[in-house]
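Coordinate inspection notes
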Amino acid sequence: MPQSYNPNEIEPRWQQRWAADDLYRAADFADDRPKWYALVMFPYTSGDLHVGHWFAYVGPDVHARYKRMRGYNVLFPFGFDAFGLPAENAAIKDGIHPADYTRDNVARMMAQLQTLGAAFDFSRKLETCDPDYYRWTQWIFLQLFKRGLAYKSRAPVNWCPKDQTVLANEQVIDGRCERCDTPVVKKELEQWFFKITDYADELLKFDGLDWPEKVVTMQTNWIGRSEGLEVDFKAITTSGDEAPMRIFTTRPDTLFGVTFMVLAPEHPLVARVTTDDRRADVDAYVAEARNASDIDRQSTEREKTGVFTGGHAVNPLNGERVPIWVADYVLMTYGTGAIMAVPAHDERDFAFARKFGLEVRPVISPEGEPVAEMTEPYIGEGTLVNSGRFDGLRAPQPAIEEINAHVKAQGWGEPTVAYRLRDWLISRQRYWGAPIPVVYCDEHGTVAVPDDQLPVLLPREVDFTPEGHSPLGSVPEFVATTCPTCGKPARRDTDTMDTFVDSSWYYLRYTSPGLAGAAFDPAAVDFWMPVDQYMGGVEHAILHLLYSRFFVKALRDGGMLAFDEPFTRLRNQGMIIHGGSKMSKSKGNVKAPDLMVHSHGADAVRLYMLFIAPWSDGGLWYDEGIDGTRRFLTGVHHLVTTSYPADDAAPLESAEERELVRLTHQTIRAVTEDIEHFKFNTYVASLMKLRNALQDAHRTELARSVEYRRAIDALLLLLAPAAPHLAEELWRVTGHDYSIHQHAWPTFDESLAAADEFELVVQVNGKVRDRVMLPVGTDEDHVRQTVLARPKVADLLDGRSPKKIIYIPGRVLSIVL
RNA sequence: GUCGGCGUGGUGAAACGGUAGACACGCCAGCUUUAGGAGCUGGUCCCGCAAGGGGUGGAGGUUCGAAUCCUCUCGCCGACACCA
């Protein structure tokens, strides 16, 4: 009696063997196979992997295994994003040190991962909190610093009152902290920034990248490039001087329609133009705006607010004096923080003008219509009116071009480009991160820590309760140092870096993990990079992916890399929903994959994750479904252990056998295409179909044929990426050489996959009326004759002759009466 | 508000413009009593005894033929959201 299927015995046995043999170790260099760098986004060390993680990894694992069987030298590494707030918050809550917390979590996650049986090359495992790693994060910071791409600046920044730290723009979602959902407020602080805006234009180029359109669109919108014109209006200050008041507009064609100006509350000119009688109101308004959260300020539902400063500015184009207002719908962080208001042709300005009774002056007239009383702003095309020498020009073009040229010639301003993208704020007032490697010297100012003094180690004994300033500041031994330039006493920077800095270059480190003398080995990077296929959640469409692209470009310009983009192909998996929401620890709806592995085996869990939904869509998790893949595997095990034909099995030459050969080759073809296109659900369905056919045959004569034997071999090879343990076990049971995972992918023969008969669908007036089995290759005349001779068809024709007959070979004959 | 994506059985889902519902889950009936979380056979979109008819959120359109393409509309999801 054959052994029954026992995954709990099979799986650990093979996992140990693979690990002992280093089966999944990528071969560096000396290898004539083409390289394939497959990468999954590394996880944060939250403590447990849930089915969402597994769903994200199993598809890529199948694809990587498939690539290896196709003859590629595959690099498929794994590591951990190990710095960050949650570890610190857990430390505060439970009194455990973040380093210990993180180490324990990594251990637990690794144990869970082992049970998955993935083909990760764990010899390259890295953790970003390891000094051997963050030493090089610091080194990269210094490379940017030395090239002027890292700078310190005082600016209004996003501050999370709960986490007590600043946040990057990208980490503010709907005005709330990405991590804890607390409404973010603005604070004026001196912080470190990376000059990502220097690369705004290049980051808009996605040439040669095979990325989801959605991600490209999101990044493009995030960067938000707008071409426009900067113009100096002349603000008349209370002291009687004239001060240039620079505005940015994308609609220079409406410059003659300006009826007032608006300054952002934080704009430095506010104080200089506000008259004494208006000062109390303006001060109160500015103070209120400063204290309001972004949520309150940015609500578009809210009615416009603002106050008149009492001051005026002069429009250089027509010499008119217009009032200057302050309103929070103008943002200090975009353009110049000041706008010209053209209520006739801008919705926001129109709403504001209506509310405060300001003039609305149309300067663009829609075709052939005189401008009547405006009830809403006119945004469309037209002809300039009330615009002096520009009257009669078509707007927007060529009016914009003409006015731009005029403004430039007069020296009032120049065409320019504005971006929504802002520089990346990377300093954090928290403990668990890579210290910023600079020193402040009274004499020499901000000094880079020399390379040979890296890493700047994170001290272990620190009171990291968040109090709004950096915990490292309260560790005198850390702060006190000497100036690398003069050797006199100096102070270390006490902030740490945003964890997105850590994750912006980890894919480079994987190419030469553990390298002591450099961040990465240029030869290894040259060999492996760029990543051929990057896989992960679409939630990183902006943050991580944009930052990583920036890093590669910045390092390239520093002469350290010879390519432009880190990730050639990007694929996003969908989300697994359970109990109505995305699975997360905080929502308490987490399914632990290791428990399911215990009860059903890793292969059944893997197969189910592939089968449950298209990988790119994600889907709902429901427990019952796993029984189906479990049954399938049990069936395959039973089938192979009870009916694998002997070596000397002979061909049968029967119709059933030809049918089996055909299905085998069709399955190889379908599976190959499905895996290439990340359609893992139909991949599994094809395997089930082949198994069902073998099952039907398994008590018949056919089960003793050589073709049955070949069909099983093919089934096992096709199954290997999805259910690596069972495939390996049955490969051994059937007497093949170890390891199935090093065996070549099966090939299909198009002529054997082709059917020799096909079912022709007969449509009459668009409706399916008949079906006829015909030999493949039947010529059209013969098809027509056969169909028209069918009694059913003849009945419908009823003596009439068809108006038209359309034949789609191999599929349909459509008769129109 | 703007821009994307998606609407198919009781459920997860298949379907180069060409047989809608592959492959599963669940359910129903029968058989069997256990290949380790039972198995096997059959059934399972709707109406109809049948012949047949209807059916992919809704309404139109293009086409010999539409789940698929176009227009409008409703619903859900996602991103951005006063960006001048």
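None of the values given here were measured: they were computed from a predicted structure. (Residues numbered from 1 in each chain as written. Chains lettered and ligands numbered in written order. Predicted model: local features only at pLDDT ≥ 70, side-chain atom pairs only at ≥ 80, totals over all residues. Heavy atoms only, no water.)

Some thoughts on the packing of helix α20 (residues 626–643) against helix α22 (residues 680–697)
Operational definition: Here the axes come from fitting lines to C-alpha atoms, over the contacting stretch only for helices, and the angles between their N-to-C directions go from 0 to 180 degrees. Note on conventions: DSSP H or I runs of at least 4 residues are helices, E runs of at least 2 residues are strands, and numbering of each starts at the N terminus. These descriptions rest on fixed angle ranges, namely under 35 degrees for roughly parallel, over 145 for roughly antiparallel, 65 to 115 for roughly perpendicular, and the rest for oblique. Handedness of a crossing is defined here by the sense of rotation of the near helix relative to the far one, left-handed for an anticlockwise turn of less than a right angle and right-handed for a clockwise turn. Contacts are assigned to residue pairs that have any heavy atoms within 4.5 Å of one another. When residues are sorted by character, Ala, Val, Leu, Ile, Met, Phe, Trp, Tyr, Cys and Pro go into the nonpolar class, Asp, Glu, Lys and Arg into the charged class, and all the rest, Gly among them, into the polar class.
Two elements in contact, α20 and α22, have axes whose closest approach is 11 Å; the angle formed by their N-to-C orientations is 45°. By the angle class used here, α20 and α22 are oblique. The hand of the α20/α22 crossing is left-handed. Contact residues: Gly628, Thr629, Phe632, Gly635, Val636 and Leu639 in α20; Leu687, Met688, Arg691, Leu694 and Gln695 in α22. A breakdown of the residues in the contact of α20 with α22 according to their chemical character gives 6 nonpolar, 4 polar and 1 charged.

Quick look at unusual backbone geometry
Pro398 follows Gln397 through a cis peptide bond whose omega is 5°. Looking at the element boundaries, Pro398 is found in the loop between β16 (394–395) and α12 (399–410). One non-glycine residue, Phe678, lies in the positive phi region at around 60°. Relative to the helices and strands, Phe678 resides in the loop between α21 (655–676) and α22.

Things to note about empty space enclosed by the protein
Operational definition: Lining residues are defined by having an atom within 4 Å of a point belonging to a cavity or pocket. Those points lie on a 1 Å grid over the protein atoms alone, cavities being sets where a 1.4 Å probe fits but cannot get out and pockets being open sets with protein on both sides within 12 Å along at least five of seven lines. Grid points are joined across faces, edges and corners, and a volume is the space filled by probe spheres set on the points.
Within this structure, the stated rule accounts for 2 cavities of 30 Å³ or more. As a volume, the largest cavity reaches approximately 190 Å³. What lines the largest cavity is a set of 17 residues, among which Gly84, Leu85, Arg428, Asp498 and Thr499 lie closest to the centre. For the lining of the largest cavity, the secondary structure elements donating two or more residues are α3 (85–94), β4 (165–167) and β24 (496–497). In this structure, the second largest cavity encloses a volume near 30 Å³.

Points about the packing of aromatic side chains
Here is the rule we go by: Centre distance within 6.5 Å is the pairing criterion for rings of Phe, Tyr and Trp, where only the six-membered ring of Trp is used; planes under 30 degrees apart are then read as stacked, over 60 as edge-to-face, and the remainder as tilted. In this scheme, a residue with accessible area under 20% of its type's maximum is buried, one over 50% is exposed, and one in between is partly exposed, where area comes from a 1.4 Å probe on protein chains only. Only when the NZ of Lys or the CZ of Arg is both within 6 Å of the ring centre and within 35 degrees of the ring normal is a charge said to sit over the ring.
Applying the stated criterion across every chain yields a total of 49 aromatic pairs. When the centroid spacing of 6.4 Å and the interplanar angle of 70° are considered together, the rings of Trp424 and Phe550 count as edge-to-face. Linking Trp424 in strand β18 (residues 424–425) with Phe550 in helix α17 (residues 543–557), this pair joins segments that are 126 residues apart in sequence. Each member of the pair, Trp424 as well as Phe550, carries the same accessibility label: buried. Considering the side-chain rings of Tyr506 and Tyr507, the 6.0 Å spacing of their centres and the 75° angle between planes classify their relative orientation as edge-to-face. With relative accessibility at 0%, the residue Tyr506 sits in the buried group. The exposure class assigned to Tyr507 is buried, which follows from its relative accessible area of 0%. Connected via pairs of aromatic rings, a cluster forms that spans Phe141, Phe145, Trp192, Phe194, Tyr199, Trp424, Phe500, Tyr547, Phe550 and Phe551. Looking at Arg65, its charged tip hangs above the ring of Trp18, at a distance of 5.9 Å from the centre. One cation-aromatic arrangement involves Arg549 over Trp211; the distance from NZ or CZ to the ring centre is 5.7 Å.

Quick notes on the protein's contact with RNA strand B
Under the convention used in this document: Residues are classed as near a molecule or strand on a simple rule: at least one heavy atom within 4 Å of it. Polar contacts, as used here, are pairs of N or O atoms within 3.5 Å; protein pairs need one atom able to donate a hydrogen and one able to accept it. Residues neighboring in sequence count only if both atoms are side-chain atoms.
The environment of RNA strand B is formed by 57 residues, the closest being Lys304, Arg348, Ile612, His638 and Arg771. If you look at RNA strand B and keep only atoms within 4 Å of the protein, 57% of those are sugar or phosphate atoms. Ser814 is positioned such that a nitrogen or oxygen atom in its side chain is 2.6 Å from a base oxygen of RNA strand B. Along the lines of polarity and charge, the residues of the surface near RNA strand B split into 20 nonpolar, 17 polar and 20 charged.

Some points on the sheet that holds strand β7 (residues 185–194)
For clarity, the cut-off: DSSP calls a pair of strands paired once it identifies at least 2 bridges connecting them.
Read from one edge of the open sheet, 4 strands run β4-β3-β7-β18, paired in antiparallel fashion. Each having just a single partner strand, β4 and β18 make up the two edges of the open sheet. Note that strand β3 (residues 150–160) and β7 share 10 bridges and pair antiparallel. Residue pairing for β7: Asn158 is matched across the bridge by Lys186. Helix α5 (residues 131–146) contacts β3 and β7 of the sheet and is inclined by roughly 90° relative to β7.

Considering the sheet that holds strand β26 (residues 570–573)
The 4 strands are arranged β2-β1-β25-β26 in an open sheet whose pairing can be described as parallel. For this open sheet the edge positions go to β2 (73–75) and β26, each flanked by a neighbour on one side alone. With direction set aside, neighbouring strand axes in the sheet form an average angle of 20°. Taken together, the 4 bridges between strand β25 (residues 533–537) and β26 define a ladder with parallel strand orientation.

With respect to the packing of helix α2 (residues 51–69) against helix α4 (residues 98–116)
Each pair of packed helices can be described by the angle between their axes along with the distance between the axes. Here α2 crosses α4 at 45°, and the two axes come no closer than 12 Å. Between α2 and α4, the angle is such that the two are oblique. Pair α2 / α4 crosses with right-handed handedness. Contacts between α2 and α4 involve Trp54, Tyr57 and Val58 from the first element and Gln112, Leu113, Thr115 and Leu116 from the second. Residues belonging to the contact of α2 with α4 are distributed by class as follows: 5 nonpolar, 2 polar and no charged.

Considerations on the pairing of strand β12 (residues 321–326)
Extensive coverage of β12 is indicated by the burial of 5 of its 6 residues. Sheet analysis places strand β11 (residues 307–314) next to β12, joined by 5 bridges and oriented antiparallel. The residue bridging Phe308 from the neighbouring strand is Trp325, located in β12. What sits between the antiparallel neighbours β11 and β12 is a turn of 6 residues, in which Gly319 has the positive phi angle 70°.

With respect to the nonpolar core
As a reminder, the rule being used: To define a nonpolar core, start from buried Ala, Val, Leu, Ile, Met, Phe, Trp, Tyr and Cys residues and group those joined through side-chain atoms within 4.5 Å.
The biggest cluster of nonpolar side chains holds 95 residues, and the ones touching the most others in it are Phe141, Phe194, Trp424, Tyr506, Tyr507, Leu508 and Phe551. Looking at this core element by element, the count peaks at 9 residues for α17. Leaving out residues up to four positions away in the same chain, Tyr507 has contacts with Tyr37, Leu39, Met529, Val531, Ser548, Phe551, Val552, Pro566 and Phe567. Within the second largest apolar cluster, 88 residues are counted, among which are Ile10, Leu49, Leu633 and Leu690.

With respect to the environment of Asp241
Tracing the sequence through the fold places Asp241 in the loop between β8 (225–236) and β9 (242–249). It is 94 Å that separates the C-alpha atoms of Asp241 and Met773, two residues lying 532 residues apart in sequence. With residues near it in sequence (within four places) discarded, Asp241 still touches Ala235 and Ile236. A distance of 3.4 Å separates the side chain of Asp241 from the side chain of Ser239, its partner in a polar contact.

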